[in-house]
Amino acid sequence: MSLCLTRLTASIWRHALVPTIFATLACTQLCQPLYAQDGPPQNVPAAPAPQTTPATPAQPQAVHLQDYSKPHSSFPRIWQPYTAQEVAQPNLSNSPRIDSLMRDGKIFLSVDDAVALALENNLDIDIARYNLNIADTDYLRAKSGANVLGVNAGIVQNTPGGGVGGLGGTVGSGTGGTTVAASGVGTGTNGLVSSTLGIGSTITSFDPLVTGTLQLDKNNTESTSALSPVPVLAQNTYTADVAYTQGFQWGTAVSVGFNNTHVTTNSPVSLLTPDLASNFQFKITQNLLQGFGPGPNLRFIRIAKNNREISDVAFRLQTITTVDQIENMYWDLVYAYENVRVQEEALTYAQKAWEDSKQQAKVGTVPPIQVVSAQSTVSTDQQNLILAQNNLQLQELLMKNALSRSIEDPVLAEAKVIPTSTMQLPEQEPVTPTQDLINQALNHRAELVESRIDLNSRDLSGKAVRNAMLPTLDAFAYYGGSGVGGTVNPAIPNCSSTSSAFCFNPAKAPPPFQTSNAVGYGGTLNQLVNSTAPDKGVGLTLNIPLRNREAQANQVRAELEYRQAQVRLHQLENQVRIEVRNAQFDVKQNRASVEAAQYAVDFARQTLDADQQKLKVGLTTTTAILQDASVLTTNESNLVSAKAAYEKSRIELDRATGLLLDHSHIDVADATRGQVTHSPTVPYVAPRQDTNPNVQPVPAQQPPQSPPS
């Protein structure tokens, strides 16, 4: 088309009016094959035949994925669980793929490349990718017996420029959060309240807990008693205690305590100085009513697993939403690209009419007012061209922002984006029964999968809440022992050598001192296990909350929230059915619009041909010919717009059925890694021969020679 317009401009100045019009029409007719292929506008010229070898595929980036659901191992470095993990800084550099598409300061972008770049660089996907690791940490936290903190299951839509289909126009909102209701209470999956999720009986930590105390105490106390043997009582106490506790999934708790003291004193009435005392106790407690069994005790772990699955499904939904948005933006770019070409051709026709009118006005064949009218048309078309060019630049900027992590690079910021894919209409529309499409949507829509997993979590939580209504009945058993040691106070006389009532009698002394005046720490510990002074027993602990109003309220509320989630799931299913039917209607309607626009183009072309023949015999005017050419240009613009709408309706149908990724051969694992190894293949798309830098452009047909004036 560019070749024809160039030759047309030269022809205007060399020939008379009628032959020039004939040349214009002939050029339009003969350039139609390229014109129908949606050639490039003049301000974005088509790339010449490549002089270099095609670009090599982008090298994969080194992407390191870490499973944060696994804790640090304690062996061989026992301090590792107590050291902080370093999380890598966000990667804000663009993938090499975008450089491989750059040619002479232009980005030759196909729709497949656009989707691949979005999977690697789009910041909405990058933000959602963090939710996967956040869900891992929640699962790790739950394995310790702690409550879950929750995960973000919403859709990030902070990339400007493209809309997402559906009845509501959006799928989610916020920075990784869920859709919030007008009252601000919708904070759970699909915007539902989840205030009772996870409540229930108290869970003893599954992670063993070791506590210890080491204390040195020196205490001097002035005596104020007449019976005190010393005026200042001096006592040094050394304490070393350690305890171990752990809970288990059946509601069992185990605790072990081991205590030691070493006391020295200047009191002459103290039997032992130093005085060694040790004791231990092993205790096991089992919940028999509230908190019994793995159901209430493993609820956090199971909910965390479900939340991890919801995160995976939500990330898939994020990928679908972003791909939907990118494809819509791409066809907006294609339309803006073609609209510039259309406006340039309209301006060319207007400028030619203006020049012809001025020539005719000089010889007096047309009134001067027609020159003013033609000049006004030129000004209007120039304004339309500027608007179209500005819109194209905006679409290029939006596309570059959506496909890159950063546009600070001046080369990227100034690069033009040349779309190398064009819309292809299938010869026959695939016929799929509506019910089959609905069944596919009910099985594949990510929102429905999220709701079903959320219902499972609510059911688990509801069982735990019902268990928490029971009284607390704990059975416990324990075994322990104690031992004493030290040295008999030398200030106390032996009863065998004195008749005083205050004396040391081995027969009445603790068993270790009946045969010895000194017992070491080893002998003290031996008493803990040789039944010298055992401590053992069993028992029951019962706690009955009268009226139990808190538990009743929690149980009813949990049940109401579960029923509410069921209704929400049913509502989503109804919405999906409507969306599928509406998308199917749009495909049919836009298909008919494309066919109608194609017929309009054909009719305008035939009208132009007929008026051209009339012009030869003087039955029409030049103005009528230019009007016919303008109508043809407008109809072709409408055809491009109708094709774009058709492509968007196909995208919407794939989104409504949940098969957008499958039909485009997109691997979610590539989006998870941020590294595309399987190139997407968007259906109903053909390569543009005139903008693909790796394809030799089809040569334009030569226009016929203009007849002599």
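From a predicted model like this one, the values you see are computed outputs, not experimental measurements. (Residues numbered from 1 in each chain as written. Predicted model: local features only at pLDDT ≥ 70, side-chain atom pairs only at ≥ 80, totals over all residues. Heavy atoms only, no water.)

## Considerations on the overall build of the chain
Then, number 1: From N to C terminus, the chain includes 17 helices and 12 strands.
Then, number 2: Nonlocal contacts in the chain, meaning residues at least 24 apart in sequence, comprise 79% of its contacts between residues at least 6 apart.
Then, number 3: Carbon and sulfur atoms make up 56% of the accessible area of the chain, which totals about 35600 Å². (Helix = DSSP H or I, 4+ residues; strand = E, 2+ residues; numbered from the N terminus. Contact = heavy atoms within 4.5 Å. Areas by Shrake-Rupley, 256 points an atom, 1.4 Å probe, with all protein chains shown as cover.)

## Describing the packing of aromatic side chains
Then, number 1: Scanning the entire structure with this criterion turns up four aromatic pairs.
Then, number 2: Ring geometry for Tyr330 and Trp331: centres 5.3 Å apart, planes at 85°, overall edge-to-face.
Then, number 3: Since its relative accessible area comes to 1%, Trp331 is described here as buried.
Then, number 4: For the pair Phe476 and Tyr478, a centre-to-centre distance of 6.4 Å together with 15° between the ring planes defines the contact as stacked.
Then, number 5: Seen from the ring of Phe476, Lys283 lies directly overhead, with NZ or CZ sitting 4.8 Å from the centre.
Then, number 6: When the ring centre of Trp354 is taken as origin, the NZ or CZ atom of Lys358, which lies over that ring, is 4.1 Å away. (Phe/Tyr/Trp six-rings, centres within 6.5 Å; stacked < 30°, edge-to-face > 60°. Buried < 20%, exposed > 50% of the residue type's maximum accessible area, 1.4 Å probe, protein only. Lys NZ or Arg CZ within 6 Å of the ring centre and 35° of its normal.)

## Thoughts on the sheet that holds strand β7 (residues 416-419)
Then, number 1: Taken in spatial order, the three strands of this open sheet run β1-β2-β7, and their pairing is mixed. A single partner strand is all that each edge strand has here, and the edge strands are β1 (102-103) and β7.
Then, number 2: Pairing between β1 and strand β2 (residues 106-109): two bridges, direction antiparallel. Looking across to β2, one finds that Met102 is bridged to Ile107.
Then, number 3: Against the sheet, helix α8 (residues 299-362) contacts β2 and β7, and its axis sits at roughly 95° relative to β7. (Pairing = 2+ DSSP bridges. Axes fitted to C-alpha atoms, helices over the stretch in contact; angles between N-to-C directions.)

## Comments concerning the environment of Ala642
Then, number 1: Following the sequence through the fold, Ala642 ends up in helix α15 (residues 622-657).
Then, number 2: For the pair Ala642 and Gln598, spaced 44 residues apart in sequence, the C-alpha separation works out to 9.3 Å.
Then, number 3: Excluding residues within four positions of it along the chain, Ala642 makes contact with Ser593, Val594 and Ala597.

## Examining helix α12 (residues 446-467)
Then, number 1: Under the 1.5 Å per step criterion, the end-to-end length of α12 is 32 Å for 22 residues, consistent within 8% with the ideal 32 Å.
Then, number 2: Most of α12 sits inside the fold, with 16 of its 22 residues counted as buried. (Expected span 1.5 Å × (residues − 1).)

## Comments concerning the pairing of β2
Then, number 1: The hairpin turn running from β1 into β2, its antiparallel successor, is two residues long, and Asp104 in that turn takes a positive phi close to 50°.
Then, number 2: As defined by bridge partners, β2 adjoins β7 across four bridges and the pair is classed as parallel. Its bridge partner lying in β7, Ile107 is registered against Val417.

## A few points about the pattern of salt bridges
Then, number 1: In this structure the tally under the stated criterion is 28 salt bridges.
Then, number 2: Glu429 is the salt-bridge partner of Arg650, the closest N and O atoms lying 2.5 Å from each other. Taken together, the residues Arg650 in helix α15 and Glu429 in the loop between β8 (421-423) and α11 (434-444) connect sequence positions 221 residues apart.
Then, number 3: Its relative accessible area of 11% is what places Arg650 among the buried residues.
Then, number 4: With a shortest N-O distance of 3.7 Å, Lys463 and Asp459 are connected by a salt bridge. With a gap of four residues between them, Lys463 and Asp459 both fall in helix α12, about one helical turn apart. (Salt bridge = Lys/Arg side-chain N within 4 Å of Asp/Glu carboxyl O.)

## Observations concerning the confidence of the model for the chain
Then, number 1: Summarising the model, the chain shows a mean pLDDT of 82, and 83% of its residues fall at 70 or more.
Then, number 2: When pLDDT is averaged over each helix and strand of the chain, the minimum, 33, is found for helix α3 (residues 32-36) and the maximum, 96, for strand β5 (residues 252-265).
Then, number 3: Within the model, the stretch residues 1-64 combines pLDDT values under 50 with 131 contacts to residues more than four positions away or in other chains.
Then, number 4: A low-confidence stretch, residues 168-187 (pLDDT under 50), is modelled with 47 contacts involving residues beyond four sequence positions or located in other chains. (pLDDT = per-residue confidence, 0-100.)

## Some remarks on the packing of α8 against α12
Two quantities define a packed helix pair, namely the angle between the axes and the distance from one axis to the other.
Then, number 1: Where α8 meets α12, the closest approach of the two axes is 9 Å, and the angle between their N-to-C directions is 170°. Here α12 runs roughly antiparallel to α8, going by the angle between their axes. Contacts from Arg299, Arg302, Ile303, Asn306, Glu309, Ile310, Val313, Ala314 and Leu317 in α8 reach Ala446, Glu447, Val449, Glu450, Ile453, Asp454, Asn456, Ser457, Leu460, Ser461 and Ala464 in α12. (Parallel < 35°, antiparallel > 145°, perpendicular 65-115°, else oblique.)

## Focus: the nonpolar core
Within soluble globular proteins, side chains that are nonpolar tend to cluster in buried spots.
Then, number 1: Counting residues in each nonpolar core, the largest one holds 54 residues, and the members touching the most others are Leu109, Leu119, Tyr330, Trp331 and Leu403.
Then, number 2: In terms of nonpolar packing, the next biggest core, distinct from the first, is built from 31 residues, Ala353, Leu455, Ala604 and Ala642 among them. (Core = buried A, V, L, I, M, F, W, Y, C linked by side-chain atoms within 4.5 Å.)

## Brief notes about α11
Then, number 1: Every buried residue belonging to α11 is among Leu437, Ile438, Ala441 and Leu442, and all of these are buried. Down the axis of α11, the sector holding all buried residues measures 135°, keeping them to one side. (Arc of directions from axis to C-beta.)

## Remarks on the packing of α8 against helix α9 (residues 368-402)
Then, number 1: One can describe the packing of α8 onto α9 by two numbers: an axis separation of 8 Å at closest approach and a directional angle of 160°. By the angle class used here, α8 and α9 are roughly antiparallel. The two elements α8 and α9 cross, and the hand of that crossing is left-handed.
Then, number 2: Among the residues forming the contact of α8 with α9, the class breakdown is 22 nonpolar, 12 polar and five charged. (Left-handed = near helix turned anticlockwise from the far one by under 90°. Nonpolar A, V, L, I, M, F, W, Y, C, P; charged D, E, K, R; others polar.)

## Side note on the pairing of strand β9 (residues 472-488)
Then, number 1: The sheet contact formed by strand β6 (residues 272-287) and β9 spans 14 bridges and is antiparallel. Bridge pairing in β9 places Asn287 opposite Asp474.
Then, number 2: Alignment of β9 against strand β11 (residues 534-543), held across 10 bridges, turns out to be antiparallel. Bridge assignment links Ala475 to a residue of β11, and that residue is Leu540.
Then, number 3: Here β9 pairs with strand β10 (residues 518-519) via two bridges, running antiparallel. Residue pairing for β10: Gly486 is matched across the bridge by Val519.

## Some details on a positive patch on the surface
Then, number 1: On the surface, Lys70, Lys143, Arg302 and Lys305 cluster together to form a positively charged patch.
Then, number 2: Its place among the elements puts Lys305 in helix α8. (Patch = residues over 30% accessible without salt bridge, like charges linked within 9 Å, V, L, I, M, F, W, Y side chains within 5 Å. Lys, Arg positive; Asp, Glu negative; His and termini not counted. Charge placed at Lys NZ, Arg CZ, Asp CG, Glu CD.)

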